[in-house]
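Spelled out from the first residue to the last, the chains are:
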Amino acid sequence: MQRWRGLTDVPEDWGRSVVTIGSFDGVHQGHQLIIGRAVARARELGARSVVVTFDPHPSEVVRPGSHPPLLAPHHRRAELMGALGVDAVLVLPFTAEFSQLSAEEFVRQVLVEALHAQVVVEGPNFRFGHRAAGNVELLAELGERHDFVVEVLDLRISGTAGDGAPFSSTLARRLIAEGDVAGVAEVLGRPHQVEGVVVRGAQRGRELGYPTANVETLPHTAIPADGVYAGWLTVDQERMPAAISVGTNPTFDGTERTVEAYAIDRVGLDLYGLHVAVDFLAYLRGMEKFDTIEALLDRMADDVKRARELTDVD
């Protein structure tokens, strides 16, 4: 899969494309439907599929300070899109100048001149251009003028997550904020993942017999509610069952919110400075302040036991 940043990265001899455009944060199951349709149409037509997305999130440029918590960084989204069979991902730097492009100019520069769109696949609520003035009806009109077809998919899929609310990035962020990692896994079609570099913390876990990887997460990461979770810690493509703590360590009067993962039964791991990923499988309990270290250790032993069972560790 090719990855481009900006229109100048698109090869001049790039042929006809089937394109879909959006933020696609999380590449949730609704996104997977629309991307999958674009890939299928490209294969039917002998064309190539392209996903167009933006960095930073448009809201941060249009309304500074409103950047939503991110379900996945751009490189992770690209990996997920590649797994769906996408031929290329185009990340457009979303600047104040770019935000001023009219809907018509956006179509001309991106879809027509750069990507030679043959088909554009979108959801019914797709908006584009300055002040989000363009909609799928206008896109279809511009398609007739510029020789591409617009397909609109109904993305209103839902399950039990969020009391049956339609799957969306907004719903996924809400579930994560509530600690409902099982619910968000239903929306995403996989466990929610955060990633970052392992840094030195207070090293209390090591002193207590449960050395943890203190993960310095990427900016704007959507981090689950404070509590203890079962999941996995992945280092250099090795996936290890883990008990995960999110919070401020109230027993020790901590103030800094951290994500810490204990790789169950692994001894002698030296992860400092390494980039790792943490997947959240199940919520175990809320964050508590214990009166004694002994009480904390008893609860931690129970947390690890439950995490071991949930992740099928022998």
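Residues numbered from 1 in each chain as written. Predicted model: local features only at pLDDT ≥ 70, side-chain atom pairs only at ≥ 80, totals over all residues. Heavy atoms only, no water.

An unreviewed UniProt entry annotates the chain as Riboflavin biosynthesis protein originating from Streptacidiphilus pinicola. You can read under Function (unreviewed entry) in the UniProt record for the chain the words "Catalyzes the phosphorylation of riboflavin to FMN followed by the adenylation of FMN to FAD." Looking at the chain in UniProt, the text filed under Sequence similarities (unreviewed entry) is "Belongs to the ribF family." (UniProt positions renumbered as here; feature names shortened; annotations may be inferred.)

1. Some remarks on the sheet that holds strand E3 (residues 48–55)
Overall, parallel pairing links the six strands, which are arranged E1-E4-E3-E2-E5-E6 in an open sheet. Looking at the sheet topology across the chains shown, the edges are occupied by strand E1 (2–5) and strand E6 (149–152). Sheet twist, expressed as the average angle between the axes of neighbouring strands with direction ignored, equals 25°. Here E3 runs beside strand E4 (residues 88–93); their pairing, made up of six bridges, is parallel. By the bridge assignment, Thr53 is partnered in E4 with Val91. (Pairing = 2+ DSSP bridges. Helix = DSSP H or I, 4+ residues; strand = E, 2+ residues; numbered from the N terminus. Axes fitted to C-alpha atoms, helices over the stretch in contact; angles between N-to-C directions.)

2. Section: the pattern of salt bridges
Going through the model one piece at a time under the given rule, you end up with 19 salt bridges. In this structure, the salt-bridge partner of Asp55 is Arg5, at a minimum N-O distance of 3.3 Å. Taken as a pair, Asp55 in strand E3 and Arg5 in strand E1 lie far apart in primary sequence, 50 residues in all. The partner of Glu238 in a salt bridge is Arg266, with the nearest N and O atoms 2.7 Å apart. Taken together, the positions of Glu238 in strand E10 (residues 238–247) and Arg266 in the loop between strand E11 (258–263) and strand E12 (275–285) put the pair 28 residues apart, joining distant regions of the chain. Taken together, the salt bridges that share partners define one network made up of Arg37, Arg41, Glu44 and Glu151. (Salt bridge = Lys/Arg side-chain N within 4 Å of Asp/Glu carboxyl O.)

3. Looking at the packing of aromatic side chains
The full count for this structure, using the stated rule, is ten aromatic pairs. With a centroid separation of 5.4 Å and 10° between ring planes, the pair formed by Phe126 and Phe128 is classed as stacked. Arranged with centres 5.3 Å apart and planes meeting at 85°, the rings of Tyr210 and Tyr262 form a pair that is edge-to-face. Residue Tyr210 is located in the loop between helix H9 (204–208) and strand E8 (213–217), and its partner Tyr262 is located in strand E11; the two are separated by 52 residues in the primary sequence. Assigned by exposure class, Tyr210 and Tyr262 land together as buried. Three or more aromatic residues joined by ring pairs form one cluster here, namely Phe54, Phe94, Phe98, Phe106, Phe126 and Phe128. Directly above the aromatic system of Trp14 lies the positively charged group of Arg48, at a separation of 3.7 Å from the ring centroid. (Phe/Tyr/Trp six-rings, centres within 6.5 Å; stacked < 30°, edge-to-face > 60°. Buried < 20%, exposed > 50% of the residue type's maximum accessible area, 1.4 Å probe, protein only. Lys NZ or Arg CZ within 6 Å of the ring centre and 35° of its normal.)

4. Brief notes about the sheet that holds E10
One closed barrel accounts for six strands, arranged E7-E8-E11-E10-E9-E12; its pairing is antiparallel. Between one strand axis and the next, the sheet turns through 45° on average, direction left out of account. As paired strands, strand E9 (residues 227–235) and E10 are joined by nine bridges and run antiparallel to one another. Bridge pairing in E10 links Ala230 to Ala243. The strands touched by helix H8 (residues 181–188) are strand E7 (192–199), E9 and E12; relative to E12, the strand with the most contacts, the crossing angle is about 120°. Here helix H10 (residues 293–310) sits on the sheet and contacts E9, E10, E11 and E12; the angle it forms with E12, its principal contact strand, is near 105°. (Contact = heavy atoms within 4.5 Å.)

5. Structural notes on the side chain of Ser245
For Ser245, the location among the structural elements is in strand E10. What Ser245 contacts, discounting residues up to four positions off in sequence, is Gly227, Thr258, Val259, Glu260 and Met287.

6. Points about the packing of helix H5 (residues 103–114) against helix H6 (residues 136–146)
How two helices sit against one another is set out by the angle between their axes and by the gap between those axes. The interhelical angle for the contact between H5 and H6, taken along N-to-C directions, is 55°, at an axis separation of 11 Å. In terms of their interaxial angle, H5 and H6 are classed as oblique. Here the hand of the crossing between H5 and H6 comes out right-handed. Taken together, the residues of H6 that come into contact with H5 (itself represented by Ala103, Glu104, Val107, Leu111 and Val112) are Leu138, Leu139, Leu142 and His146. Among the residues making up the contact of H5 with H6, the classes are represented as seven nonpolar, one polar and one charged. (Parallel < 35°, antiparallel > 145°, perpendicular 65-115°, else oblique. Left-handed = near helix turned anticlockwise from the far one by under 90°. Nonpolar A, V, L, I, M, F, W, Y, C, P; charged D, E, K, R; others polar.)

7. A short note on the environment of Ser158
Residue placement: Ser158 occurs in the loop between E6 and helix H7 (169–177). The residues contacting Ser158, other than those within four sequence positions of it, are Gly164, Ala165, Pro166 and Phe167.

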